[in-house]
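Residue-level listing of the chains:
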Amino acid sequence: MDLSAINPVLLIASLMVAATAVMIAAIGELIVERAGVLNLGVEGMMITGAICGFAVAVQTGSPTAGFVAATIGGAALSLLFAFLTQFALANQVASGLALTLFGLGLSSLLGQGYQGIKPPATPRLDIPVLTDLPVVGRILFGHDLMVYVGLALVAAVWAFLKYSRAGLILRAVGENHDAAHALGYKVVRIRIMAIAFGGACAGLGGAYISLIRVPQWTEGMTAGIGWIALALVVFASWKPWRVLLGAYLFGGVTVLQLNLQAAGIAIPVEYLSMSPYIITIVVLVIMSADKSRAPASLGRIFHATS
Amino acid sequence: MKLTKRALMTGAAMALGLAATATGAMAQDKTKVGFVYVGPVGDGGWTYEHDKGRQAVEEHFGDQVETVFVESVPEGPDSERVMTQMALDGADLIFTTSFGYMDPTINVAAKFPDVKFEHATGYKTADNVSVYSARFYEGRAVQGTIAGHMTESNIIGYIGSYPIPEVIRGINSAYIHAKKVNPDVQFKIVWAFTWFDPAKEADAAKVLIEQGADVILQHTDSTAPQAAAQAAGNVYTFGQASDMAEYAPKPRISSIIDNWAPYYIARTQAVIDGTWTSTNTWDGIGPGMVGIGEITDAVPAEVKAEALALKDKLASGEYHAFTGPLKKQDGSDWLAEGETADDGTLAGMNFYVEGIEGDIPQ
């Protein structure tokens, strides 16, 4: 056993990387749920984004184009969900689950021929001086751009919900769609936009896995991250900054368990492997005391005539 | 054109009938060989090499043989279903290419006594089940030698898949030979509990690198650790199962290559000739089942020469990768001076040799 082998600076730095994908996907889902829609298809949209981003990045040689394609891919798939739930008035839970299964299948179809290929490298941010600062430099200024995009997204969503009129309308739609409708807001249109935003974020999170974190394409590579993102939204009781906290907690445990193993801590590997999920469950149980926070119209179907 | 339901159904029935006669006729003169793979054929490692063996069989026999394969088959009940389906579809010979297929293979083989089965890396045989494997640990000895010389931090990271004898043999062999050329060397071992999960393998590699490892050995099948090492910079890796030459000359400085083609062709020939019997094959560098990929220029010339000399000695049988004096991890004696390990002990190896830290997960 040798705990000193674990470098806390590197641990925090890699924790931020491990948390980014789930954080981006969760912040997108947060907007969807604040608009009163429960989209369980995050996993499907993530993996679709992962392959769309990967394929386009490989074809064009540009990671940026890949990330753009990933947002489009994720959003396109989410529009299918929007059509089912907002126009066909299908059950949101069933549609979301179907979306996940569909996304997994679609992605392995699209991914044929992309296995074992190297994507173009995404450069790491390297600001002279700042990145070389001890401790802080590596943690704050040494990441790829997407880590900062994720953080900016959380801040933007927070500001949007708290300070903007549009954010207020979105929340009104999520809390009471009948009242919002009576006030003249286009409930369906607002929800579709929220769903598309959630899909785009999920796609972006997926592409982060296939283009930066691994980087490689394999079937089913998101491996349940989408479900963690859904849990995170509840964990965060629909508040943006708590999503950040939850994502870092999850990322931290993921990275720490590998670190402990490499440092030779004699905890059975199986416990370490399941620890991130156990912690998520425990936190969910604790937070459930805070039930009243859920948007009141969450998961309810809206039709203007009813 | 108006298509009635009846017309469609008649058409379908005719097509079915045709197909049935066609396969019935073909089954008589064609030998059908099935392959069950644990990963996708594009993994660039283990499964990729098995599939190259399958393609070699097709090329060698041409129209005489028909091959089928199913990829990404999970170990366990699913694999049993896949094998049963292959046998029902008329396969004459089925290669099951992962350790975890061992019991399913034995189960299915009992139900289909006329079908020949070949299970890779296992140890259970039956009248119609052969086992075959390669002495990868000979390749690991060469890797260990290079790794011992190349490491500057004296920490070598090792990504294990499952704690089974084959993987443990590899760790021991690599460690013994790294230690021989560099007495200060230390192994850090992370168990991924998967053969193929790029995200997990990449994370494991990153963690090992963060903890000071500057040489990474992997016993998992994807190229993700290579990508992680490349991103990190001054880290060396070895191709696993396949050459992984797209990561040469750095980080990949050499590799172990599995070459199944000659074996697959020989066994298919045996089925065609009717001379197939249940065998237990375990070939190494000598017969060519284990290949050492090109050692790149990132390795100093004298290290390369030493590694190649070791490879030649292993190939000729002059030297055995497990030659005493060797002790087990707990300090008890295992092999006396000059004694070599017997195949029985190697096949069931479940202990580390002296000097490796940590426990094997049970």
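This text goes with the structure placed above it.
Computed from a prediction, not measured in an experiment: that's the story for all the values here.

Caption draft 1: Summary view of the overall build of chain A. Helices and strands together make up the secondary structure of chain A, namely 12 helices and 0 strands. Of the regular secondary structure in chain A, the N- to C-terminal order runs α-α-α-α-α-α-α-α-α-α-α-α. For chain A, the C-alpha radius of gyration of 20 Å lies close to 19 Å, the compact-globule estimate for 306 residues. Overall, the C-alpha framework of chain A stretches about 65 × 45 × 40 Å when taken along its three principal axes. Partitioning the intrachain contacts of chain A with sequence separation of at least 6 by distance along the chain shows that 78% fall at a separation of at least 24. Element-wise, carbon and sulfur atoms account for 72% of the exposed surface of chain A, whose accessible area totals about 12700 Å². Across chain A, the 16 positively charged side chains and the 12 negatively charged ones have centroids separated by 13 Å.

Caption draft 2: Local environment of the state of the cysteines. Residues and elements named next belong to chain A. Following the criterion strictly, the structure yields 0 disulfides over all chains and no others. Looking at C52, it has no disulfide partner, and the nearest cysteine sulfur is the one in C201, 15 Å off. Here C52 falls in the buried class, since its relative accessible area comes to 18%.

Caption draft 3: Quick look at the pattern of salt bridges. For the structure on display, the rule yields 8 salt bridges over all chains. Between D203 of chain B and R213 of chain A there is a salt bridge, with the nearest N and O atoms lying 2.5 Å from each other. Pair noted here: D203 of chain B is in helix 7 (residues 198–210) and R213 of chain A is in helix 9 (residues 187–213), and the two residues belong to different chains. One salt bridge connects R267 of chain B with E118 of chain B, and the closest N-O pair in it is separated by 2.6 Å. Taken together, the residues span a long stretch of sequence, with R267 of chain B in helix 9 (residues 261–273) and E118 of chain B in strand 4 (residues 116–120) at a distance of 149 residues. Look at E118 of chain B and you get buried, because its relative accessible area is 0%.

Caption draft 4: Representation of the side chain of T100 of chain A. All names here are of chain A. Relative to the helices and strands, T100 is located in helix 4 (residues 92–110). With a relative accessible area of 4%, T100 lands in the buried category. There is a polar contact of 3.0 Å between the side chain of T100 and the backbone oxygen of L40. Ignoring sequence-local partners within four residues, the contact set of T100 consists of L40, G41, V42, E43, G44 and W227.

Caption draft 5: Structural detail: the sheet that holds strand 12 (residues 290–293) of chain B. Residue and element names in this part refer to chain B. Taken together, the 6 strands give an open sheet; going across it, the order is 7-6-8-9-10-12, and neighbouring strands pair in mixed fashion. Every other strand in the sheet has two partners, leaving strand 7 (186–191) and strand 12 as the edge strands with one partner each. Here the strands of the sheet are splayed against their neighbours by 20 degrees on average, with no regard to which way each runs.

Caption draft 6: Looking closely at the environment of I171 of chain B. Residues and elements named next belong to chain B. Within the element layout of this structure, I171 appears in helix 6 (residues 165–181). Owing to a relative accessible area of 0%, I171 belongs among the buried residues under this scheme. Considering only alpha carbons, one finds I171 and R140, 31 residues apart in sequence, at a separation of 7.7 Å. Look past the residues within four positions of I171 in its chain and what remains in contact with it is Y158, F187, I189, W191, Y352 and I356.

Caption draft 7: Region of the structure containing the interface of chain A and chain B. Residue-level contacts link 21 residues of chain A with 27 residues of chain B. Roughly 2200 Å² is buried in total at the junction of chain A and chain B, and carbon and sulfur atoms are behind 51% of that figure. Among the residues chain A hides against chain B, the three largest losses belong to K118, L258 and A262 of chain A. Together they make up 24% of the total. If you look at where chain A meets chain B, you find 1 salt bridge. Applying the counting rule to chain A against chain B returns 5 residue pairs in polar contact (both at pLDDT 80 or more). When residues of the side of chain A that touches chain B are traced back to their parent elements, those giving at least two are helix 1 (8–34), helix 11 (240–262) and helix 12 (269–287) of chain A. The element that contributes the greatest number of residues to the side of chain A that touches chain B is helix 11 of chain A, accounting for 5 residues.

Caption draft 8: The arrangement of the side chain of T151 of chain B in detail. All names here are of chain B. Its location among the elements puts T151 in the loop between helix 5 (136–150) and strand 6 (155–160). Overall, T151 belongs to the buried group, its relative accessible area being 6%. In terms of polar contacts, T151 uses its side chain to reach the backbone amide nitrogen of N154, at 2.9 Å. Among the polar contacts listed, one links the side chain of T151 to the backbone nitrogen of I155, at a separation of 3.4 Å. In this view, T151 contacts I156, N182, V185, D214 and V215; residues no more than four positions away in its chain are not counted.

Procedures and definitions
Residues numbered from 1 in each chain as written. Chains lettered and ligands numbered in written order. Predicted model: local features only at pLDDT ≥ 70, side-chain atom pairs only at ≥ 80, totals over all residues. Heavy atoms only, no water. Helix = DSSP H or I, 4+ residues; strand = E, 2+ residues; numbered from the N terminus. Rg over C-alpha atoms; globule rule 2.2 N^0.38 Å. Contact = heavy atoms within 4.5 Å. Areas by Shrake-Rupley, 256 points an atom, 1.4 Å probe, with all protein chains shown as cover. Lys, Arg positive; Asp, Glu negative; His and termini not counted. Charge placed at Lys NZ, Arg CZ, Asp CG, Glu CD. Disulfide = S-S within 2.5 Å. Buried < 20%, exposed > 50% of the residue type's maximum accessible area, 1.4 Å probe, protein only. Salt bridge = Lys/Arg side-chain N within 4 Å of Asp/Glu carboxyl O. Polar contact = N/O pair within 3.5 Å; in protein donor to acceptor, adjacent residues only side chain to side chain. Pairing = 2+ DSSP bridges. Axes fitted to C-alpha atoms, helices over the stretch in contact; angles between N-to-C directions. Buried area = accessible area lost by both parts, 1.4 Å probe.

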